Amino acid sequence: MRQAAQNPAQDPGQDPAEGPPCQDREPRRGRPRSAAAERAILDAVLELLEAGETLDGLSIERVARTAGVGKATIYRRWSGKEELFVDVLRDIEPEDPTVSGTAGLDDLRIMLESMRTRSVAQRSSALLHNVFVQMKKHPRLWTEYQSTVLAPRRAAMLAAVQRAVDAGELRGDLDVELMNDLFLGPMLVRTVHRPEAPLPEDLADRIIRTLLQGLAPPSTNPQVTAVKPTTAPV
(Lines give C-alpha, C1' and ligand atoms only; values in the text may rest on other atoms or scores of the structure.)
Protein backbone atom coordinates (compact mmCIF):
# COMPACT_ATOMS: atom_id res chain seq x y z
CA MET A 1 0.00 0.00 0.00
CA ARG A 2 2.85 2.34 0.74
CA GLN A 3 4.40 1.52 -2.67
CA ALA A 4 1.31 2.95 -4.30
CA ALA A 5 1.76 6.17 -2.32
CA GLN A 6 5.30 6.58 -3.77
CA ASN A 7 3.94 6.58 -7.33
CA PRO A 8 1.01 9.00 -7.56
CA ALA A 9 0.42 8.11 -11.20
CA GLN A 10 -0.44 4.54 -10.28
CA ASP A 11 -4.08 4.17 -9.24
CA PRO A 12 -4.86 0.83 -7.52
CA GLY A 13 -8.52 1.24 -8.39
CA GLN A 14 -8.04 2.10 -12.08
CA ASP A 15 -8.00 -0.22 -15.06
CA PRO A 16 -5.28 0.58 -17.64
CA ALA A 17 -7.92 0.96 -20.34
CA GLU A 18 -9.61 3.79 -18.48
CA GLY A 19 -6.95 6.36 -19.18
CA PRO A 20 -5.77 8.98 -16.66
CA PRO A 21 -7.87 9.33 -13.46
CA CYS A 22 -9.01 12.83 -14.43
CA GLN A 23 -10.85 11.41 -17.45
CA ASP A 24 -13.11 9.28 -15.25
CA ARG A 25 -15.38 11.75 -13.51
CA GLU A 26 -18.44 9.54 -12.99
CA PRO A 27 -18.90 6.15 -11.27
CA ARG A 28 -19.14 3.26 -13.72
CA ARG A 29 -22.14 1.13 -12.90
CA GLY A 30 -21.39 -2.53 -12.46
CA ARG A 31 -17.65 -1.93 -12.22
CA PRO A 32 -16.23 -3.80 -9.18
CA ARG A 33 -14.57 -1.69 -6.55
CA SER A 34 -10.91 -2.26 -5.82
CA ALA A 35 -10.32 -3.37 -2.23
CA ALA A 36 -6.68 -2.35 -2.60
CA ALA A 37 -7.66 1.18 -3.60
CA GLU A 38 -10.09 1.55 -0.70
CA ARG A 39 -7.49 0.26 1.73
CA ALA A 40 -4.90 2.68 0.35
CA ILE A 41 -7.29 5.62 0.71
CA LEU A 42 -8.28 4.78 4.30
CA ASP A 43 -4.62 4.24 5.21
CA ALA A 44 -3.69 7.56 3.63
CA VAL A 45 -6.17 9.45 5.81
CA LEU A 46 -4.88 7.65 8.91
CA GLU A 47 -1.29 8.38 7.93
CA LEU A 48 -2.02 12.08 7.60
CA LEU A 49 -3.95 12.22 10.87
CA GLU A 50 -1.19 10.35 12.73
CA ALA A 51 1.30 12.86 11.31
CA GLY A 52 -0.65 15.63 13.06
CA GLU A 53 -2.86 16.85 10.24
CA THR A 54 -6.26 18.17 11.29
CA LEU A 55 -9.59 17.39 9.67
CA ASP A 56 -9.74 21.00 8.50
CA GLY A 57 -6.36 20.66 6.84
CA LEU A 58 -7.16 17.49 4.94
CA SER A 59 -8.41 17.65 1.38
CA ILE A 60 -9.46 15.05 -1.16
CA GLU A 61 -6.52 16.15 -3.31
CA ARG A 62 -4.02 15.51 -0.55
CA VAL A 63 -5.58 12.18 0.41
CA ALA A 64 -5.47 11.07 -3.23
CA ARG A 65 -1.83 12.11 -3.57
CA THR A 66 -0.85 10.27 -0.38
CA ALA A 67 -2.78 7.14 -1.38
CA GLY A 68 -1.39 7.16 -4.90
CA VAL A 69 -4.81 7.28 -6.54
CA GLY A 70 -6.76 9.75 -8.62
CA LYS A 71 -9.44 11.94 -7.08
CA ALA A 72 -12.00 10.17 -9.26
CA THR A 73 -11.17 6.91 -7.47
CA ILE A 74 -12.12 8.51 -4.15
CA TYR A 75 -15.28 10.11 -5.50
CA ARG A 76 -16.41 6.78 -6.95
CA ARG A 77 -16.55 5.49 -3.38
CA TRP A 78 -17.39 8.54 -1.24
CA SER A 79 -19.46 11.59 -2.12
CA GLY A 80 -17.16 13.88 -0.16
CA LYS A 81 -14.82 14.35 2.75
CA GLU A 82 -17.46 13.89 5.45
CA GLU A 83 -18.53 10.48 4.18
CA LEU A 84 -14.90 9.38 3.81
CA PHE A 85 -14.01 10.44 7.36
CA VAL A 86 -16.95 8.49 8.79
CA ASP A 87 -15.66 5.34 7.10
CA VAL A 88 -12.16 6.06 8.41
CA LEU A 89 -13.59 6.31 11.91
CA ARG A 90 -15.48 3.05 11.43
CA ASP A 91 -12.22 1.48 10.31
CA ILE A 92 -10.31 2.38 13.47
CA GLU A 93 -13.19 1.81 15.90
CA PRO A 94 -13.89 -1.69 17.22
CA GLU A 95 -16.39 -3.42 14.94
CA ASP A 96 -20.07 -3.43 15.84
CA PRO A 97 -21.01 -6.71 17.51
CA THR A 98 -22.98 -9.48 15.89
CA VAL A 99 -26.29 -10.04 17.65
CA SER A 100 -28.83 -12.81 17.21
CA GLY A 101 -31.65 -10.56 16.06
CA THR A 102 -34.04 -12.83 17.90
CA ALA A 103 -33.07 -12.44 21.57
CA GLY A 104 -34.07 -9.43 23.66
CA LEU A 105 -32.04 -8.73 26.79
CA ASP A 106 -29.12 -10.88 25.62
CA ASP A 107 -28.75 -8.79 22.44
CA LEU A 108 -29.17 -5.60 24.46
CA ARG A 109 -26.39 -6.69 26.80
CA ILE A 110 -24.07 -7.34 23.81
CA MET A 111 -24.73 -3.87 22.39
CA LEU A 112 -24.18 -2.13 25.73
CA GLU A 113 -20.92 -4.02 26.15
CA SER A 114 -19.87 -2.89 22.67
CA MET A 115 -20.41 0.74 23.74
CA ARG A 116 -18.18 0.13 26.74
CA THR A 117 -15.38 -1.46 24.71
CA ARG A 118 -15.48 1.32 22.11
CA SER A 119 -15.07 3.88 24.88
CA VAL A 120 -12.20 1.91 26.41
CA ALA A 121 -10.51 1.90 22.99
CA GLN A 122 -11.08 5.63 22.56
CA ARG A 123 -9.61 6.41 25.97
CA SER A 124 -6.48 4.39 25.19
CA SER A 125 -6.02 5.77 21.66
CA ALA A 126 -4.85 9.35 21.27
CA LEU A 127 -5.76 9.19 17.58
CA LEU A 128 -9.35 8.09 18.22
CA HIS A 129 -9.77 10.68 20.95
CA ASN A 130 -8.44 13.52 18.80
CA VAL A 131 -10.55 12.51 15.80
CA PHE A 132 -13.73 12.48 17.89
CA VAL A 133 -12.91 15.86 19.45
CA GLN A 134 -12.29 17.39 16.04
CA MET A 135 -15.30 15.73 14.46
CA LYS A 136 -17.71 17.26 16.96
CA LYS A 137 -16.52 20.70 15.86
CA HIS A 138 -17.68 20.02 12.29
CA PRO A 139 -21.49 20.05 12.08
CA ARG A 140 -21.67 18.35 8.68
CA LEU A 141 -19.26 15.61 9.69
CA TRP A 142 -20.95 15.05 13.05
CA THR A 143 -24.38 14.94 11.35
CA GLU A 144 -23.07 12.35 8.88
CA TYR A 145 -21.69 10.23 11.72
CA GLN A 146 -24.93 10.48 13.67
CA SER A 147 -27.14 9.54 10.72
CA THR A 148 -25.03 6.69 9.34
CA VAL A 149 -23.48 5.22 12.50
CA LEU A 150 -25.25 6.31 15.69
CA ALA A 151 -28.82 6.20 14.37
CA PRO A 152 -28.57 2.57 13.15
CA ARG A 153 -27.02 1.54 16.48
CA ARG A 154 -29.85 3.17 18.40
CA ALA A 155 -32.43 1.54 16.13
CA ALA A 156 -30.82 -1.85 16.76
CA MET A 157 -31.02 -1.33 20.53
CA LEU A 158 -34.62 -0.18 20.29
CA ALA A 159 -35.47 -3.34 18.35
CA ALA A 160 -33.78 -5.47 21.03
CA VAL A 161 -35.84 -3.77 23.76
CA GLN A 162 -39.00 -4.45 21.76
CA ARG A 163 -37.99 -8.11 21.41
CA ALA A 164 -37.50 -8.26 25.19
CA VAL A 165 -41.00 -6.86 25.66
CA ASP A 166 -42.46 -9.37 23.20
CA ALA A 167 -40.67 -12.21 25.02
CA GLY A 168 -42.03 -11.12 28.40
CA GLU A 169 -38.60 -10.09 29.72
CA LEU A 170 -39.70 -6.47 30.11
CA ARG A 171 -43.01 -4.84 30.97
CA GLY A 172 -45.36 -4.29 28.09
CA ASP A 173 -47.19 -1.33 29.60
CA LEU A 174 -44.26 1.09 29.35
CA ASP A 175 -43.04 3.21 26.48
CA VAL A 176 -40.38 1.27 24.56
CA GLU A 177 -38.44 4.44 23.65
CA LEU A 178 -38.26 5.42 27.31
CA MET A 179 -37.07 1.97 28.36
CA ASN A 180 -34.41 2.07 25.65
CA ASP A 181 -33.19 5.44 26.92
CA LEU A 182 -33.08 4.09 30.47
CA PHE A 183 -30.76 1.28 29.38
CA LEU A 184 -28.69 3.50 27.12
CA GLY A 185 -28.43 6.53 29.43
CA PRO A 186 -26.11 5.15 32.16
CA MET A 187 -23.65 3.82 29.58
CA LEU A 188 -23.64 7.15 27.71
CA VAL A 189 -23.00 9.05 30.93
CA ARG A 190 -20.02 6.83 31.75
CA THR A 191 -18.57 6.76 28.24
CA VAL A 192 -19.30 10.28 26.97
CA HIS A 193 -20.15 12.72 29.75
CA ARG A 194 -17.79 11.36 32.41
CA PRO A 195 -14.56 10.43 30.62
CA GLU A 196 -12.87 9.82 33.96
CA ALA A 197 -15.53 7.38 35.19
CA PRO A 198 -14.56 3.72 35.57
CA LEU A 199 -15.72 1.25 32.91
CA PRO A 200 -15.66 -2.14 34.66
CA GLU A 201 -16.12 -5.26 32.57
CA ASP A 202 -19.45 -6.05 34.23
CA LEU A 203 -20.91 -2.57 33.67
CA ALA A 204 -23.48 -3.68 31.07
CA ASP A 205 -24.70 -6.48 33.35
CA ARG A 206 -24.92 -4.11 36.32
CA ILE A 207 -26.97 -1.58 34.34
CA ILE A 208 -29.45 -4.20 33.18
CA ARG A 209 -29.68 -5.85 36.60
CA THR A 210 -30.23 -2.54 38.37
CA LEU A 211 -33.01 -1.50 36.00
CA LEU A 212 -34.73 -4.87 36.23
CA GLN A 213 -34.57 -4.85 40.04
CA GLY A 214 -35.58 -1.20 40.34
CA LEU A 215 -34.15 1.52 42.54
CA ALA A 216 -36.65 1.35 45.38
CA PRO A 217 -35.39 -0.24 48.62
CA PRO A 218 -36.63 -3.74 49.39
CA SER A 219 -39.91 -3.85 51.26
CA THR A 220 -39.58 -4.22 55.04
CA ASN A 221 -41.84 -5.51 57.80
CA PRO A 222 -44.13 -2.60 58.84
CA GLN A 223 -44.05 -3.76 62.46
CA VAL A 224 -40.27 -3.58 62.51
CA THR A 225 -40.12 -0.10 61.03
CA ALA A 226 -42.63 1.15 63.61
CA VAL A 227 -40.42 0.17 66.59
CA LYS A 228 -38.48 3.09 68.00
CA PRO A 229 -34.85 2.59 69.03
CA THR A 230 -34.36 2.13 72.77
CA THR A 231 -30.85 3.55 72.76
CA ALA A 232 -29.51 6.87 71.64
CA PRO A 233 -28.32 6.94 68.02
CA VAL A 234 -24.56 6.68 67.47
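K.L.:
In this structure, what is going on with the overall build of the chain? I would like to understand it.
P.N.:
The helix and strand inventory of the chain stands at 11 helices and 0 strands. Starting at the N terminus, the α and β elements of the chain follow one another as α-α-α-α-α-α-α-α-α-α-α. For the chain, the proportion of its 234 residues judged to be buried stands at 37%. Of all intrachain contacts in the chain linking residues separated by at least 6 positions in sequence, the fraction that spans at least 24 positions is 65%. Looking at the chain as shown, the accessible area adds up to about 14,100 Å², and 55% of this sits on carbon and sulfur atoms.

K.L.:
Explain the packing of helix H8 (residues 139–166) against helix H9 (residues 176–193) to me, please; I cannot follow it from the model alone.
P.N.:
It is at 9 Å that the axes of H8 and H9 come closest, and there the two elements cross at 115°. Regarding the angle of H8 to H9, the classification is roughly perpendicular. Two packed elements cross with a definite hand, and for H8 against H9 that hand is right-handed. Here H8 contributes Arg154, Met157, Leu158, Val161, Gln162 and Val165 to the contact with H9, which in turn contributes Val176, Glu177, Met179, Asn180, Asp181, Phe183 and Leu184. Residue composition of the contact of H8 with H9, grouped by class: 8 nonpolar, 2 polar and 3 charged.

K.L.:
Help me out: how do you make sense of the packing of aromatic side chains in this one?
P.N.:
Aromatic ring pairs are defined here through the distance separating the ring centres and the angle between the ring planes. One pass over the structure, following the stated rule, counts 2 aromatic pairs. Between Phe132 and Tyr145 the ring centres are 5.7 Å apart and the planes differ by 85°, which places this aromatic pair in the edge-to-face class. Of the two residues, Phe132 is situated in helix H7 (residues 126–135) and Tyr145 in helix H8; the sequence distance between them amounts to 13 residues.

K.L.:
So what exactly am I meant to see when it comes to the packing of helix H6 (residues 105–124) against H7 here?
P.N.:
When two helices pack together, their arrangement is given by the angle between their axes and by how far apart the axes lie. The N-to-C vectors of H6 and H7 enclose an angle of 100°; their axes lie 5 Å apart at closest approach. By the criterion of interaxial angle, the relationship of H6 to H7 is roughly perpendicular. Within the contact between the two elements, H6 uses Ala121, Gln122 and Ser124 and H7 uses Ala126, Leu128, His129 and Phe132. When the residues that make up the contact of H6 with H7 are grouped by side-chain class, the tally is 4 nonpolar, 3 polar and no charged.

K.L.:
What is the right way to read the nonpolar core from this model?
P.N.:
In summary, soluble globular proteins display a tendency toward joint burial of nonpolar side chains. Judged by nonpolar contacts, the single largest core of 31 residues is most densely connected at Ile41, Val45, Val63, Ile74 and Leu84. Listed by contribution, the elements that provide at least two residues to this core are helix H2 (35–50), helix H3 (60–67), helix H5 (81–92), H7 and H8. At 8 residues, the largest contribution of residues to this core is made by H2.

K.L.:
In this structure, what is going on with the environment of Asp166? I would like to understand it.
P.N.:
Relative to the assigned elements, Asp166 resides in helix H8. By relative accessible area, Asp166 is classed as exposed at 60%. As for Asp166 and Gly104, which are separated by 62 residues in sequence, their C-alpha atoms are 8.4 Å apart.

K.L.:
Can you help me understand the pattern of salt bridges in this one?
P.N.:
Should the charged atoms of two oppositely charged side chains come close, the side chains can pair. Counted by the stated rule, this structure contains 19 salt bridges. Linking Asp96 and Arg153 is a salt bridge whose minimum nitrogen-to-oxygen distance equals 3.0 Å. A residue pair is termed long-range when its members are at least 10 positions apart, and Asp96 in the loop between H5 and H6 and Arg153 in helix H8 qualify at 57 residues. Given a relative accessible area of 16%, Arg153 falls into the buried group.

K.L.:
Any chance you could explain the side chain of Asn180 here in plain terms?
P.N.:
As for its position among the elements, Asn180 is in helix H9. Dropping the residues within four chain positions of it, Asn180 is found in contact with Arg154, Met157, Leu158 and Val161.

Rules used in this analysis
Residues numbered from 1 in each chain as written. Predicted model: local features only at pLDDT ≥ 70, side-chain atom pairs only at ≥ 80, totals over all residues. Heavy atoms only, no water. Helix = DSSP H or I, 4+ residues; strand = E, 2+ residues; numbered from the N terminus. Buried < 20%, exposed > 50% of the residue type's maximum accessible area, 1.4 Å probe, protein only. Contact = heavy atoms within 4.5 Å. Areas by Shrake-Rupley, 256 points an atom, 1.4 Å probe, with all protein chains shown as cover. Axes fitted to C-alpha atoms, helices over the stretch in contact; angles between N-to-C directions. Parallel < 35°, antiparallel > 145°, perpendicular 65-115°, else oblique. Left-handed = near helix turned anticlockwise from the far one by under 90°. Nonpolar A, V, L, I, M, F, W, Y, C, P; charged D, E, K, R; others polar. Phe/Tyr/Trp six-rings, centres within 6.5 Å; stacked < 30°, edge-to-face > 60°. Core = buried A, V, L, I, M, F, W, Y, C linked by side-chain atoms within 4.5 Å. Salt bridge = Lys/Arg side-chain N within 4 Å of Asp/Glu carboxyl O.

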